[in-house]
Amino acid sequence: MKIIHVAGLANTGKTTFIKNLIPSLKSRGRVGIIKHLRDHDYVQEPGKDTTIFFENGADISAGIDAAKSVITLRTTDLDEMLLLYKQAGIQFAVIEGFKMCDFPKIVIGDLVIDNCLLRNPTVDQVISLLSQFEDY
């Protein structure tokens, strides 16, 4: 599984870049995204069964509708999530945020950081250099 790590300051276009990258990666294999929410807690819908199960101690709570599954896991460990993605057959794990991780990075904007592989690239530049991204 290739790790494609995208970092940058807030409001520099990381999400837009990833949104544009997904179709090109998807044509080459399964894609998973891990977004660092920082201090923006994700809010589960109050009163729903999956929320109630999680609030009462379930390690994993999942809901399945006609089009998708939604899973809440009781972990904040990036490595644990990457392992889960690998076990699920994801071929490209795109990480948004987690600036302090050691993976080679695509930097969007002017952030000065170690391990910058590409700065403000095009999607085509990323695709042409996929072999240079770390394998998990």
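Right above here is the structure, for reference.
Below is a short write-up of the structure.

What counts and what doesn't
- Residues numbered from 1 in each chain as written.
- Predicted model: local features only at pLDDT ≥ 70, side-chain atom pairs only at ≥ 80, totals over all residues.
- Heavy atoms only, no water.
- Core = buried A, V, L, I, M, F, W, Y, C linked by side-chain atoms within 4.5 Å.
- Buried < 20%, exposed > 50% of the residue type's maximum accessible area, 1.4 Å probe, protein only.
- Helix = DSSP H or I, 4+ residues; strand = E, 2+ residues; numbered from the N terminus.
- Contact = heavy atoms within 4.5 Å.
- Pairing = 2+ DSSP bridges.

So, on to the nonpolar core. Formed by 17 residues in total, the largest nonpolar core has its most connected members in Ile-4, Phe-17, Leu-21, Leu-25 and Ile-106. Elements supplying a minimum of two residues to this core: β1 (2–7), α1 (14–26), β5 (92–96) and α4 (123–128). With four residues, α1 is the largest single contributor of residues to this core. Once residues lying within four places of it in the same chain are set aside, the contact partners of Leu-21 are Ile-4, Val-123, Val-126 and Ile-127. Met-1, Ile-34, Tyr-85 and Phe-98 belong to the second-largest nonpolar core, a separate cluster that totals 12 residues.

Moving on: the pairing of β5. Every regular strand shows the same layout, with side chains that alternate between the two sheet faces. Within β5, five of the five residues are buried, leaving the element largely enclosed by the surrounding structure. Where β1 lies against β5, five bridges are found, and the strand directions are parallel. Looking at the pairing, Ile-4 lines up with Val-94 of β5. Relative to β5, strand β2 (residues 31–35) runs parallel, the two sharing five bridges. Within β5, the position partnered with Lys-35 by the bridge is Glu-96.

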